[in-house]
Amino acid sequence: MPLRPVRPPAAALAALLMLATGCTAVGGSSADRAGPGRELSAAELRAAAVADSDLGAGYTVTVMTPGHGDTGAGAGREVADVPACQPLLDAVTPATPAASASPAAQAPGYPYAETDLSVARAADPRGGVYGGLLGYRTGRAAVLQAELEKLFGPCAAFTSMAPAPPAEKPGKKAPIRTRHRLNREDTPTPGGADAALGFTLTNESGSAVLSQRAVLARIGPALAVFTTFGVAAEPATAPDEVIVRHQVAKLRAAQAKKK
């Protein structure tokens, strides 16, 4: 199954990782407790999303309802051979209606607020950036980042199997086993952020090689996740630093304002 930019996948990844690793700590890490910034309401988080005017000429920003673009295709779930890596696959494939309605989606590990967006640049038609702004209770953003760091070992290389075709549809090709690689990317911490982490996830099925590159920045109790897509001939590039820099700055400024 290919990586499909049907929603901001890295944003979903952040939420799914919390469930998969059982991170529900409420005390918080010293990094979050010591760092500046207050929790933003859902409305404040949405207001803190970058706009066309922030980025300058040539950029077009679309702010979306969280989960926008989920097709609910119901085609089943692609299963990773390494259970720890399952959230990576769940994050890059559309959720089924059943999964979206699952009580697990309301578990404490999920962000209390989320705003999704996409940014297109006229000078680079294929270089769109998908983003997710995630609000967590104090301490959880730092815990999530630490848990993501742990996946680079067990998920450096793994495979998955797509669900078998329905019995009532004979003649369909047998499920294909897909190879995946997870690589950490050298990512400087943007000004105003507490930390940043970059990675590329590839999906290799036969001669097709698709890639998803992401940057996750922690700003106080919030995470900003930026994602791009590519193919073998044109691998996913690092998310536009102009977008990253301005989004981090807007989140930090919003957190610094008094209610």
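If you're wondering where the values come from, they're calculated on a predicted model, not measured in any experiment. (Residues numbered from 1 in each chain as written. Predicted model: local features only at pLDDT ≥ 70, side-chain atom pairs only at ≥ 80, totals over all residues. Heavy atoms only, no water.)

Before going further, it helps to examine the overall build of the protein chain. Within the protein chain, the secondary structure is distributed over 8 helices and 9 strands. Taken across its 259 residues, the protein chain has 46% of its residues classed as buried. For the protein chain, long-range pairs separated by at least 24 residues make up 68% of all intrachain contacts whose partners lie at least 6 apart in sequence. By element, 57% of the accessible surface of the protein chain is carried by carbon and sulfur atoms, the whole surface being about 11,900 Å². (Helix = DSSP H or I, 4+ residues; strand = E, 2+ residues; numbered from the N terminus. Buried < 20%, exposed > 50% of the residue type's maximum accessible area, 1.4 Å probe, protein only. Contact = heavy atoms within 4.5 Å. Areas by Shrake-Rupley, 256 points an atom, 1.4 Å probe, with all protein chains shown as cover.)

Moving on, we get to the pairing of strand β5 (residues 157–161). Here 2 bridges tie strand β2 (residues 79–80) to β5, and the two strands are oriented antiparallel to one another. Its bridge partner being in β5, A80 is matched across the sheet by S160. Where β5 and strand β6 (residues 177–185) come together, 5 bridges link them in antiparallel fashion. In the strand pairing of β6, F158 is matched with H180. (Pairing = 2+ DSSP bridges.)

Taking 1.5 Å per residue, 16 residues should reach 22 Å; helix α8 (residues 241–256) reaches 22 Å between its end C-alpha atoms and fits that length. Where α8 is concerned, the buried positions are V242, I243, V244, Q247, V248, L251, R252, A254 and Q255. The distance from a side-chain oxygen at the start of α8 to the backbone nitrogen of V242 is 2.8 Å, and the residue carrying that oxygen is D240. (Expected span 1.5 Å × (residues − 1). Polar contact = N/O pair within 3.5 Å; in protein donor to acceptor, adjacent residues only side chain to side chain.)

According to the stated counting rule, one finds 1 aromatic pair in the structure shown. Residues Y130 and F229 carry aromatic rings whose centres are separated by 5.6 Å and whose planes lie at 85° to one another, so their mutual orientation is edge-to-face. With Y130 in strand β4 (residues 124–135) and F229 in strand β9 (residues 222–231), this pair connects stretches of sequence that are 99 residues apart. The exposure class of Y130 is partly exposed, given its relative accessible area of 22%. Exposure remark for F229: the relative accessible area of 15% places this residue in the buried category. Here the basic side chain of R137 rests over the ring of Y112, its NZ or CZ set 3.8 Å away from the ring centre. Across from the ring centre of F152, 5.6 Å away, lies the NZ or CZ of R184, which sits over that ring. (Phe/Tyr/Trp six-rings, centres within 6.5 Å; stacked < 30°, edge-to-face > 60°. Lys NZ or Arg CZ within 6 Å of the ring centre and 35° of its normal.)

So, about the side chain of Q86. Residue placement: Q86 occurs in helix α5 (residues 86–92). A distance of 2.9 Å separates the side chain of Q86 from the backbone oxygen of E78, its partner in a polar contact. What Q86 contacts, discounting residues up to four positions off in sequence, is R77, E78, V79 and A80.

What follows covers the side chain of Q247. Considering the arrangement of structural elements, one finds Q247 in helix α8. A polar side-chain atom of Q247 sits 2.9 Å from the main-chain carbonyl oxygen of A48. Apart from the residues within four sequence positions on either side, Q247 is in contact with A48, A49, V50, L117, L133 and F226.

As paired elements, strand β1 (residues 59–64) and strand β3 (residues 113–121) share 6 bridges and run antiparallel to each other. Bridge pairing in β3 links T62 to S118. Here β3 runs beside β4; their pairing, made up of 8 bridges, is antiparallel. Residue pairing in the sheet places R121 in a bridge with D124 of β4. Hairpin connection of β3 to β4: 2 residues between the antiparallel strands.

A separate point is the confidence of the model for the protein chain. Per-residue pLDDT for the protein chain averages 78, and the proportion of residues at 70 or more is 70%. The secondary structure element of the protein chain with the lowest average pLDDT is helix α6 (residues 97–100), at 38, and the one with the highest is α8, at 96. Within the model, the stretch residues 94–108 combines pLDDT values under 50 with 18 contacts to residues more than four positions away or in other chains. (pLDDT = per-residue confidence, 0-100.)

What follows covers the nonpolar core. The nonpolar side chains of a soluble globular protein tend to be buried with one another. Ranked by size, the top nonpolar core spans 25 residues in total, and within it L55, V119, L133, I219, F226, I243 and L251 carry the most contacts. Taken together, the elements giving at least two residues each to this core come down to β1, β3, β4, β8 (208–219), β9 and α8. Per-element tally for this core: the top contributor is α8, with 6 residues. The contacts of I243, once residues within four sequence positions are left out, are V50, L55, Y59, V119, V129 and F226. (Core = buried A, V, L, I, M, F, W, Y, C linked by side-chain atoms within 4.5 Å.)

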